Amino acid sequence: MSYRLAMSPTPPDPGELDAVVAFVADEARKYLDGVEDRPVRDADAEEAAASFVGSLPEDGVGAVVALQELIDGGGGLVHSAGPRFFHFVNGGTTPAALGADWLTSTWDQNPGAWVATPLGGHLESVALGWLKELFGLPQSWGGILTTGATMANFTALACARRWWGLRHGVDVDVEGLGGLPGMPVFGSGYVHPSDTKALAMLGLGRDAVRKLAADGTGRLDLGALERELEAIGDAPAVVIASAGEVNAGDFDPLTAMADLAERYGAWLHVDGAFGLFAAVSDRTRHLVEGVERADSVIADGHKWLNVPYDCGFAFVKDPTLQAPIFTSGAAYLPDPLGPKPTWGFLGPEMSRRARAFTVWATLRAYGRSGYRAIVEKHLDLAQHLAQRVDDEPDLERLADVGLNIVCFRYHPSGYAGDRLDDLNRRIGEEAILDGRVFFGMTEYDGKVAFRPAAVNWRNRPEDVDLIADVVVELGTRFR
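Residues numbered from 1 in each chain as written. Predicted model: local features only at pLDDT ≥ 70, side-chain atom pairs only at ≥ 80, totals over all residues. Heavy atoms only, no water.

1. A closer look at the pairing of strand 6 (residues 296-300)
Next, step 1: Counting buried residues along strand 6, five of its five residues qualify, which places the element largely inside the surrounding structure.
Next, step 2: The side-chain alternation of strand 6 yields two buried faces, one formed by S296, I298 and D300 and the other by V297 and A299.
Next, step 3: Sheet topology places strand 5 (residues 267-271) next to strand 6; three bridges connect them, and they run parallel. What sits directly across from D271, in strand 6, is I298.
Next, step 4: For strand 6 and strand 7 (residues 312-316), the ladder comprises five bridges, and the chain directions are antiparallel. (Buried < 20%, exposed > 50% of the residue type's maximum accessible area, 1.4 Å probe, protein only. Helix = DSSP H or I, 4+ residues; strand = E, 2+ residues; numbered from the N terminus. Pairing = 2+ DSSP bridges.)

Next comes the structure, spelled out in structure tokens:
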């Protein structure tokens, strides 16, 4: 197939559109046809990325030529859309979500104001309602679609901060934090960096969290949490619970934490960036039992929902807390007290992408049963990899596998201590450069380890087998 490659005049020419749409559709089809079996990272990825150099051109080359240059630099991509990417708990993109995302860019809607896109505004309400059904959260809760877990945590913890300020008789969103004591925040060793980043952006400080870990893995010391809450008496506090920590997929005891939060009048925030999806399967629903008793809950869409970057969601038990934080009025902006929700006044972004299109489309396309099948497929793949690790004499599993992450390391006989850590570190670094499969390193209970997470709808048994094969191969070479 050929496309018009002539240079376009400036400004852009509407006549380019037919060529651009045909060109991109063809290239996307070719890319997706090969993504399942290609290396995740090309050997020359850094060089390909660095090939884009030079000053701003005076004259343009036209849309199709520019796009062809972009595609020619595709060697600098990491092919995370494929089934062999197991790092960062990255999801893929379902066919329905991909189609909706293309339409989202085509329509270019800004649902910050209802009047700007009634469809975008209404579908955000619908999508949030469906997500609450999926996760077992009350429909009375408020919510918002965000860029991801970081801004979802920011939104939820901003509501917690407002609640805490009002308990002290101060509207912190009008008056600020001056003169107030530090906000007590408690959690286990599982508290995620996105939570501490959100606390920093809220002016509360990264060190606000007192991590009450019972062991080197970060498990919550529940007794210590109760003692801390009891010690502060009637002072309001925030408790952060992790639903799916990132090293082994473990969960804080949500029901016990909800009991303590209710007993001592604390705000309970649940960070369920990917683990909230445990609610979808009967096999794992017990892990999130009690989540409906929280005051705020968040999750990512670009993880287990398998919609494109970027997407997250925040849910808040008391929806009246959102608008006083995020409303910013002006004569040309919508009335914040109008009959329809103004999404730009309920979350951090005023101008915002219409993420509801992809969320709605994928849930409409596959339904609850489709997402149950995706989650249970990954539960099975994690157990499959765990068995492979257990069967390999030179591999050592470091944690139980309750969800979709397998935490393990290379451990041949005769290696111990720092020497073993150095060997695993070298394997992890080389595995990224090798590119056949992509997974990340971590430190678990003081040990350098690997933490592949199955969360892409394309993942297959042979892909998780490749993780074990590559670690054994590289380990044998380096030892």
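2. Details of the environment of V209
Next, step 1: Position of V209 relative to the elements: it lies in strand 3 (residues 209-211).
Next, step 2: Sequence separation between V209 and V239 is 30 residues, and the spatial gap between their C-alpha atoms is 8.9 Å.
Next, step 3: Excluding residues that lie within four positions of it along the chain, V209 makes contacts with V185, F186, G187, V191, T196, L199 and I240. (Contact = heavy atoms within 4.5 Å.)

3. Here we look at a nonpolar patch on the surface
Next, step 1: A cluster of nonpolar side chains, V21, V24 and W102, forms an exposed patch at the surface whose accessible area comes to about 250 Å².
Next, step 2: As for its position among the elements, V21 is in helix 1 (residues 17-34). (Patch = residues over 30% accessible without salt bridge, like charges linked within 9 Å, V, L, I, M, F, W, Y side chains within 5 Å. Areas by Shrake-Rupley, 256 points an atom, 1.4 Å probe, with all protein chains shown as cover. Salt bridge = Lys/Arg side-chain N within 4 Å of Asp/Glu carboxyl O.)

4. Focus: the environment of F315
Next, step 1: Checked against the element boundaries, F315 lands in strand 7.
Next, step 2: Spatially, the C-alpha atom of F315 lies 8.3 Å from that of K132, the residues being 183 residues apart in sequence.

5. A look at the packing of aromatic side chains
Next, step 1: Throughout the structure, instances matching the rule amount to eleven aromatic pairs.
Next, step 2: Summarising the aromatic geometry, the rings of F85 and F438 are spaced 4.9 Å apart at their centres and angled 15° between planes, so their arrangement reads as stacked. With F85 in the loop between helix 3 (63-72) and helix 4 (95-107) and F438 in the loop between helix 13 (417-434) and strand 10 (441-444), this residue pair connects regions lying 353 residues apart in the sequence. Across the pair, exposure class does not vary: F85 and F438 are buried alike.
Next, step 3: Judged by centre distance (5.0 Å) and plane angle (85°), the rings of F135 and F277 are edge-to-face. (Phe/Tyr/Trp six-rings, centres within 6.5 Å; stacked < 30°, edge-to-face > 60°.)

6. Brief notes about the pattern of salt bridges
Next, step 1: This model, assessed by the stated rule, comprises 38 salt bridges.
Next, step 2: The salt bridge involving R162 is made with D173; its shortest N-O contact spans 3.1 Å. Taken together, the residues R162 in helix 6 (residues 149-167) and D173 in helix 7 (residues 172-175) connect sequence positions eleven residues apart.
Next, step 3: As a salt-bridge pair, R436 and E473 come within 3.1 Å of each other at their nearest N and O atoms. Here R436, found in the loop between helix 13 and strand 10, pairs with E473, found in helix 14 (residues 461-478); they are 37 residues apart in sequence, far enough to count as distant.
Next, step 4: Overall, E473 belongs to the partly exposed group, its relative accessible area being 34%.
Next, step 5: In the salt-bridge network here, residues are joined through shared partners; they are E36, D37, R84, R458, R460, E462 and D463.

7. Topic: unusual backbone geometry
Only a minority of non-glycine residues have a phi that is not negative, and only a minority of peptide bonds are not trans.
Next, step 1: In this chain, Y309 is followed by D310 through a cis amide linkage whose omega measures 0°.
Next, step 2: Residue position: D310 is located in the loop between strand 6 and strand 7.
Next, step 3: Although it is not a glycine, D108 adopts a positive phi angle of roughly 55°.
Next, step 4: Of note, D108 is situated in the loop between helix 4 and helix 5 (118-135).

8. Describing the nonpolar core
Next, step 1: By size, the foremost hydrophobic cluster in this structure holds 71 residues, and its most contacted members are F135, L225, L268, V270, F277 and F313.
Next, step 2: No other element matches the eight residues that helix 12 (residues 356-391) contributes to this core.
Next, step 3: Leaving out residues up to four positions away in the same chain, V270 has contacts with A241, A243, L254, V291, A294, S296, V297 and I298.
Next, step 4: In terms of nonpolar packing, the next biggest core, distinct from the first, is built from 29 residues, A454, V464, L466 and A468 among them. (Core = buried A, V, L, I, M, F, W, Y, C linked by side-chain atoms within 4.5 Å.)

9. So, the pairing of strand 4 (residues 238-242)
Next, step 1: Here strand 4 lies mainly inside the structure; five of its five residues are buried.
Next, step 2: Burial along strand 4 is two-sided: the face carrying V238, I240 and S242 and the face carrying V239 and A241 are both buried.
Next, step 3: Inspection of the sheet shows strand 2 (residues 185-187) paired to strand 4 by three bridges, in the parallel sense. Across the sheet, the residue bridging to F186 is V239, located in strand 4.
Next, step 4: Here strand 4 runs beside strand 5; their pairing, made up of five bridges, is parallel. Residue V239 lies in a different strand from strand 5, and its bridge partner there is L268.
Next, step 5: The β-α-β motif built from strand 4, the intervening helix 10 (residues 254-264) and the parallel element strand 5 has right-handed crossover chirality. (Right-handed = clockwise from strand over helix to strand, strands pointing away.)

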